[in-house]
Each structure stands twice: as structure tokens, then as C-alpha cells.
Amino acid sequence: MIDVKKELINFFSNRIGPQFKDNPIINLNKYNFYDLDAECLMNEFFLKFKIKHDNFNTSDFFVYPKNNWKDLIFIRSFFPNRYSQKPFITLNHLIQVIERGEWFNPDNKIDHK
């Protein structure tokens, strides 16, 4: 039997890089995945694991810059709280999504502090 957790960790490690750890919380914004990059990453996830994702809204979990790329690159570095905090996606939640074969929003809200 395939170890779903290990396959999921490998999936994100291959796309995010070696800094990604076996962490129960995936904060992809921490790894500079925003707007279209985040959409592409999640679409790859949905395709690889054959997940129905009609009700997934990328902007619920990932930051879309309000201005332009300069704002994202320069201002976000100095003023990280300028962008609203988004709920984290957990490994356990993604495992449940894989098991169901369909995206559903997490029930719990995780404190970002």
C-alpha cells in the first residue's frame, strides 16, 4: 500500500525545495507561493492525486497582491502584515482530501501567531 503522507511530502518537497519539512502545517505563503504560482501548484496537486476541486478557491488560502509585482517583492519583505493572513493548509487535511477524492475546506481555523 502506498504511504499517502510520504507521497504528499515528496510532492511538496519536489516543488518547494529542501527547506520543506515534514510539518503538520503547510504555510505555502511562507515559501513565496502567491496567486498564479499557488494556483499552478494546487492544480498539480489535484491532478496528481485525482482530486475533484470545483469548490476550491485559491484566494481563500493564498495571497493575491493588491498592486503589482514590485509591491509583492519589495514591500512585502518590509511590511509582512500588509497582506491579510490566510488559513494554513495542513498535511492531515490534505490526506483527508486525498482519501475522499474531493476538496473540502478545513473545519478548524489555526492561529497564525
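Residues numbered from 1 in each chain as written. Predicted model: local features only at pLDDT ≥ 70, side-chain atom pairs only at ≥ 80, totals over all residues. Heavy atoms only, no water.

Another point: the nonpolar core. Counting 25 residues, the largest nonpolar core has Leu8, Phe12, Phe45, Ile51 and Trp103 as the members making the most contacts within it. Mapped onto this core, the elements with two or more residues apiece are helix H1 (4-16), helix H2 (35-48) and helix H4 (91-100). Filtering out sequence-adjacent residues up to four positions away, Ile51 remains in contact with Phe45, Phe46, Val97, Ile98, Gly101, Glu102 and Trp103. (Core = buried A, V, L, I, M, F, W, Y, C linked by side-chain atoms within 4.5 Å. Buried < 20%, exposed > 50% of the residue type's maximum accessible area, 1.4 Å probe, protein only. Helix = DSSP H or I, 4+ residues; strand = E, 2+ residues; numbered from the N terminus. Contact = heavy atoms within 4.5 Å.)

Glancing now at the packing of H1 against H4. Look at H1 against H4: their axes get within 10 Å of each other, and the N-to-C directions meet at 115°. Comparing their axes, H4 and H1 come out roughly perpendicular. Regarding H1 and H4, the two cross each other, and that crossing is right-handed. Along its contact with H1, which presents Val4, Lys5, Leu8, Ile9 and Phe12, the element H4 presents Leu91, Leu94, Ile95 and Ile98. Broken down by class, the residue content of the contact of H1 with H4 amounts to eight nonpolar, no polar and one charged. (Axes fitted to C-alpha atoms, helices over the stretch in contact; angles between N-to-C directions. Parallel < 35°, antiparallel > 145°, perpendicular 65-115°, else oblique. Left-handed = near helix turned anticlockwise from the far one by under 90°. Nonpolar A, V, L, I, M, F, W, Y, C, P; charged D, E, K, R; others polar.)

All right, on to the environment of Lys5 then. By the element assignment, Lys5 lies in helix H1. The class of Lys5 is partly exposed, set by a relative accessible area of 35%.

Let us look at the packing of H1 against H2. Close contact between H1 and H2 brings their axes to 12 Å; oriented N to C, the two are set at 145°. Considering the relative orientation of H1 and H2, their crossing is right-handed. Residues Glu7, Leu8, Phe11, Phe12 and Arg15 of H1 form the contact with H2, whose participating residues are Leu41, Glu44, Phe45 and Lys48. Of the residues contributing to the contact of H1 with H2, the split by class is five nonpolar, no polar and four charged.

Looking now at the packing of aromatic side chains. Counted according to the given criterion, the structure contains 11 aromatic pairs. With a centroid separation of 5.8 Å and an interplanar angle of 0°, the aromatic rings of Phe56 and Phe61 are classed as stacked. Look at Phe56 and you get buried, because its relative accessible area is 12%. Considering the side-chain rings of Phe56 and Trp103, the 4.8 Å spacing of their centres and the 85° angle between planes classify their relative orientation as edge-to-face. Of this pair, Phe56 sits in the loop between H2 and helix H3 (69-78) while Trp103 sits in the segment after H4; the two residues are 47 residues apart in sequence, bridging distant segments of the chain. The residues Phe56 and Trp103 share a single accessibility class, namely buried. Three or more aromatic residues link up through ring pairs in this structure, and these residues are Phe11, Phe12, Phe45, Phe46, Phe49, Phe56, Phe61 and Trp103. The ring of Phe49 carries Lys48 above its face, with NZ or CZ at 5.6 Å from the centroid. The lysine or arginine in question, Arg100, covers the ring of Phe104, its NZ or CZ lying 3.7 Å from the ring centre. (Phe/Tyr/Trp six-rings, centres within 6.5 Å; stacked < 30°, edge-to-face > 60°. Lys NZ or Arg CZ within 6 Å of the ring centre and 35° of its normal.)

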